[in-house]
Amino acid sequence: GDSVTQMEGPVTLSEEAFLTINCTYTATGYPSLFWYVQYPGEGLQLLLKATKADDKGSNKGFEATYRKETTSFHLEKGSVQVSDSAVYFCALIYGNNRLAFGKGNQVVVIP
Amino acid sequence: GAGVSQTPSNKVTEKGKYVELRCDPISGHTALYWYRQSLGQGPEFLIYFQGTGAADDSGLPNDRFFAVRPEGSVSTLKIQRTERGDSAVYLCASSPQGGANTGELFFGEGSRLTVL
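The rules we used
Residues numbered from 1 in each chain as written. Chains lettered and ligands numbered in written order. Predicted model: local features only at pLDDT ≥ 70, side-chain atom pairs only at ≥ 80, totals over all residues. Heavy atoms only, no water. Disulfide = S-S within 2.5 Å. Helix = DSSP H or I, 4+ residues; strand = E, 2+ residues; numbered from the N terminus. Buried < 20%, exposed > 50% of the residue type's maximum accessible area, 1.4 Å probe, protein only. Contact = heavy atoms within 4.5 Å. Buried area = accessible area lost by both parts, 1.4 Å probe. Salt bridge = Lys/Arg side-chain N within 4 Å of Asp/Glu carboxyl O. Polar contact = N/O pair within 3.5 Å; in protein donor to acceptor, adjacent residues only side chain to side chain.

S.K.: I keep staring at the state of the cysteines and nothing clicks. Help me out?
M.R.: Note on terminology: disulfide describes a covalent bond linking the sulfur atoms of two cysteines. The full count for this structure, using the stated rule, is two disulfides over all chains. Each disulfide pairs two cysteine sulfurs, and for A:Cys23 the partner residue is A:Cys90, the sulfurs being separated by 2.0 Å. Torsion about the S-S bond of the A:Cys23 and A:Cys90 cystine: about -70°, corresponding to left-handed handedness. Taken as a pair, A:Cys23 in strand S4 (residues 23-26) and A:Cys90 in strand S10 (residues 86-94) lie far apart in primary sequence, 67 residues in all. The exposure class of A:Cys23 is buried, given its relative accessible area of 1%. Judged by relative accessible area, which is 1%, A:Cys90 ranks as buried. Each disulfide pairs two cysteine sulfurs, and for B:Cys23 the partner residue is B:Cys92, the sulfurs being separated by 1.9 Å. Across the S-S bond linking B:Cys23 and B:Cys92, the dihedral sits near -70°, which makes this disulfide left-handed.

Given below as structure tokens:
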């Protein structure tokens, strides 16, 4: 079935470093793709999305481009802040109004 | 508050007991979803309501799990004869009608269930 795969393990980096979190998808067709974020003590919230190939989603300095050729939707930010420390989930829509999430990546930004 | 509210935030129960988890969605949101997040995993779809009816319950793992939304607002997830494998965080989300087609769901903080 349709699914997403995120890179393994937490990510620890220093403030102002460049962040990349890899996400690849398996799907029939070209579903909309999403990145959700969960800040400590809060519920999941939508960070950005892309609805078709070559679309770039962006928000709060984060970007992700829908790559049909590599079936990828990697999340990037050029200069992270301590406030970006959170868990990041890649997701796609499949079937009947359902979201399929990856396992998530814990990001820790050190001052 | 204006967000999705879930109660209880934490529930510890013994194997074999019955549990109810409550979700109060954002006012006016007609779509409501339940997801389950096990340790180290992403959220997994359980059930989706459009209004009062369960439009898709294909994610419920077995017949011990049941959910209702009698008035099209508050929803209750019910788990009978709990097992240790049911331990997880149960997430509720809501969206305006058709919201999941845009992918924007509004999640609560979840109810953490521990079955001893």
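S.K.: How should the environment of B:Thr52 be read in this particular structure?
M.R.: Residues and elements named next belong to chain B. The residue threonine 52 is located in the loop between strand S5 (44-50) and strand S6 (53-56) in this model. Along the backbone, threonine 52 and proline 8 are 44 residues apart, and their C-alpha atoms lie at a distance of 22 Å. Residues in contact with threonine 52, not counting those within four places in the same chain, are Arg69, Pro70, Glu71 and Gly72.

S.K.: Could you clarify how one ought to interpret the interface of chain B and chain A in this entry?
M.R.: Interface size is commonly expressed as the accessible area that is lost once the parts come together. The partner chain A presents 19 residues to the 22 residues of chain B that form the contact. When chain B packs against chain A, the two sides together hide about 1700 Å² of surface, and 50% of this comes from carbon and sulfur. Summed over the shared surface of chain B and chain A, the result is one salt bridge. Between the two partners, chain B and chain A, sit three residue pairs in polar contact (both at pLDDT 80 or more).

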